[in-house]
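# Observations on the three-dimensional arrangement
Chain by chain, the residues run as shown.
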Amino acid sequence: MVKRREPTARQMRLATELRRMREAAGLNSRQAAALLGVSPAQITHIESALAGVSEQRLRRLASHYACTDEEFIEALVAMATDRTRGWWEEYRGLLPTSFLDLSELEHHARSLRHVAILYVPGLLQTEDYSRAVFSSRLPELTGEELELRIRHRKARQAFTVPYEAVIHEAALRIRVSDRATSRAQLIRLLELSEADHITVRVIPFDLDGFARASSTMTYVGGPLPKLDTVVRDALHGSAFIDSEAQLNTYRTSFRKVEAASLEPGQSRDFIHRLAKEL
């Protein structure tokens, strides 16, 4: 069995779900290994994503763990047997791993939802806006690193799944560069908001008593709710959150943020007014 050197976030998620399934069955790794006829080390490697698992072994494990959720099992099988080499792999070794993990997560997503407070969401940014955001990073990026990030972000923008962005007025008004860049970004938002799969909502400053949109988050819909993921920006990359309790909290949070935001038509009018001011 060849051990992986650097499991992806998707491989880690599969491993986590297999461990959770085993723990729900009340079995330790030694007992699971005995049921499968392998060494405990092999179970440990599978549950830490250092080794893959075949469809046959995955189904046997699910049976031993008394998991009867067929839809869930099929989703795990799809994760275990997927051999897709996505476009993001060309950036491996060139960009931080979290960039690639996010791209892979978005590629397999069934839906995407985003709450943005200080910046327009990356999936909706113009090239000039992205350049200004990346150029402000500390420590400063080299010219090559900057161009790689911009090219990678543009590639991510080719998504086709349903996407809903709730953007605070602060993000629309902050000038990451100059007036022309800000105006072009607002116009681009208006254009994108007309797409069938993209919904843009705005949280205006003058909304009374609203404190729920205090941080940015991306909610990635999986093949079924228990395989959803929340992505939070962290100092040294992205943090991927997938525990059921936390997912429920973020689902509730997003629903409340969405309910408090302007309707899509009102949001387009709002963005149009801001663009005219520039």
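The structure presented is a predicted model; accordingly, all values stated were derived computationally and were not measured.

When helices and strands are tallied, the protein chain shows 12 helices and 6 strands. Counting only C-alpha atoms, the protein chain reaches 70 × 40 × 30 Å along its principal axes. Counting only residues that meet the buried cut, the protein chain has 45% of its 278 residues in that class. A separation threshold of at least 6 residues defines the contact pool for the protein chain, and within that pool the share at least 24 residues apart is 72%. Element-wise, carbon and sulfur atoms account for 49% of the exposed surface of the protein chain, whose accessible area totals about 14400 Å². Distance from the positive charge centre (39 side chains) to the negative charge centre (37 side chains) of the protein chain: 3 Å.

Moving on, we get to the environment of arginine 188. Structurally, arginine 188 can be placed in helix α10 (residues 179–192). Separated by 64 residues in the primary sequence, arginine 188 and leucine 124 have C-alpha atoms spaced 7.8 Å apart.

Further remarks concern the packing of aromatic side chains. For the structure shown, the criterion picks out 3 aromatic pairs. Aromatic ring contacts, followed pair by pair, group Trp87, Trp88 and Tyr91 into a single cluster. For arginine 113, the ring lying beneath its charged end belongs to tyrosine 219, and the centroid distance is 4.7 Å. The ring of phenylalanine 254 is capped by arginine 113, whose NZ or CZ atom sits 4.9 Å from the centre of that ring.

For the rest of this paragraph, the subject is the layout of surface pockets. Any empty space left between the atoms is revealed when a probe the size of a water molecule rolls over them. Its volume calculated, the second largest pocket comes out at about 620 Å³. When residues of the lining of the second largest pocket are traced back to their parent elements, those giving at least two are α1 (9–24) and α5 (70–81).

Residue position: aspartate 82 is located in the loop between α5 and α6 (97–107). The residues contacting aspartate 82, other than those within four sequence positions of it, are Arg10 and His108.

Residue-level pLDDT values for the protein chain average 94, and 96% of them are 70 or greater. Mean pLDDT across the elements of the protein chain ranges from a minimum in strand β6 (residues 237–241), with 85, to a maximum in α10, with 98.

What follows covers the pattern of salt bridges. Summed over the entire model, instances satisfying the criterion amount to 25 salt bridges. Taking the shortest distance from any N to any O, the salt bridge between glutamate 169 and arginine 173 comes out at 2.5 Å. Taken together, the residues span about one helical turn, with glutamate 169 and arginine 173 both in helix α9 (residues 169–173) at a distance of 4 residues. Between glutamate 277 and arginine 173 there is a salt bridge whose closest N-O contact spans 3.3 Å. Taken together, the positions of glutamate 277 in helix α12 (residues 264–277) and arginine 173 in helix α9 put the pair 104 residues apart, joining distant regions of the chain.

Two elements in contact, α1 and α5, have axes whose closest approach is 10 Å; the angle formed by their N-to-C orientations is 140°. Relative to α5, the element α1 lies oblique. The handedness of the crossing between α1 and α5 is left-handed. Side by side, α1 and α5 meet where Arg10, Arg13, Leu14, Glu17, Leu18 and Met21 of the first sit next to Phe72, Leu76, Ala78, Met79 and Ala80 of the second. Of the residues that constitute the contact of α1 with α5, the class distribution is 8 nonpolar, no polar and 3 charged.

Let us look at helix α4 (residues 55–64). Helical geometry: 3.6 residues make up each α-helical turn, so side chains three or four residues apart lie on a common side. Taken together, the buried positions of α4 are Leu58, Leu61 and Ala62. Around the axis of α4, the buried residues are gathered within 100° of arc, so they sit on the same side. Turned more than 90 degrees away from the buried face of α4 sit Gln56 and Ser63, all of them exposed. Next to the buried residues of α4 lie α1, α2 (29–36), α3 (40–47) and α5.

This brings us to the side chain of aspartate 101. You can see aspartate 101 is positioned in helix α6. This buried residue, aspartate 101, is left without a salt bridge; arginine 92 holds the nearest opposite charge, at 5.3 Å. The residues contacting aspartate 101, other than those within four sequence positions of it, are Thr8, Ala9 and Phe240.

With that settled, consider the environment of threonine 199. With respect to the element layout, threonine 199 can be found in strand β3 (residues 198–203). Owing to a relative accessible area of 27%, threonine 199 belongs among the partly exposed residues under this scheme. For threonine 199 and glycine 265, which are 66 residues apart along the polypeptide, the C-alpha to C-alpha distance reads 9.7 Å. Those residues in contact with threonine 199 that sit more than four places away from it in its chain are Tyr163, Glu164, Ala165 and Pro264.

Reading the values: the criteria
- Residues numbered from 1 in each chain as written.
- Predicted model: local features only at pLDDT ≥ 70, side-chain atom pairs only at ≥ 80, totals over all residues.
- Heavy atoms only, no water.
- Helix = DSSP H or I, 4+ residues; strand = E, 2+ residues; numbered from the N terminus.
- Buried < 20%, exposed > 50% of the residue type's maximum accessible area, 1.4 Å probe, protein only.
- Contact = heavy atoms within 4.5 Å.
- Areas by Shrake-Rupley, 256 points an atom, 1.4 Å probe, with all protein chains shown as cover.
- Lys, Arg positive; Asp, Glu negative; His and termini not counted.
- Charge placed at Lys NZ, Arg CZ, Asp CG, Glu CD.
- Phe/Tyr/Trp six-rings, centres within 6.5 Å; stacked < 30°, edge-to-face > 60°.
- Lys NZ or Arg CZ within 6 Å of the ring centre and 35° of its normal.
- 1 Å grid on protein atoms, 1.4 Å probe; cavity = no way out; pocket = protein on both sides within 12 Å on 5 of 7 lines; lining within 4 Å.
- Points joined across faces, edges and corners; volume = space filled by probe spheres on them.
- pLDDT = per-residue confidence, 0-100.
- Salt bridge = Lys/Arg side-chain N within 4 Å of Asp/Glu carboxyl O.
- Axes fitted to C-alpha atoms, helices over the stretch in contact; angles between N-to-C directions.
- Parallel < 35°, antiparallel > 145°, perpendicular 65-115°, else oblique.
- Left-handed = near helix turned anticlockwise from the far one by under 90°.
- Nonpolar A, V, L, I, M, F, W, Y, C, P; charged D, E, K, R; others polar.
- Arc of directions from axis to C-beta.

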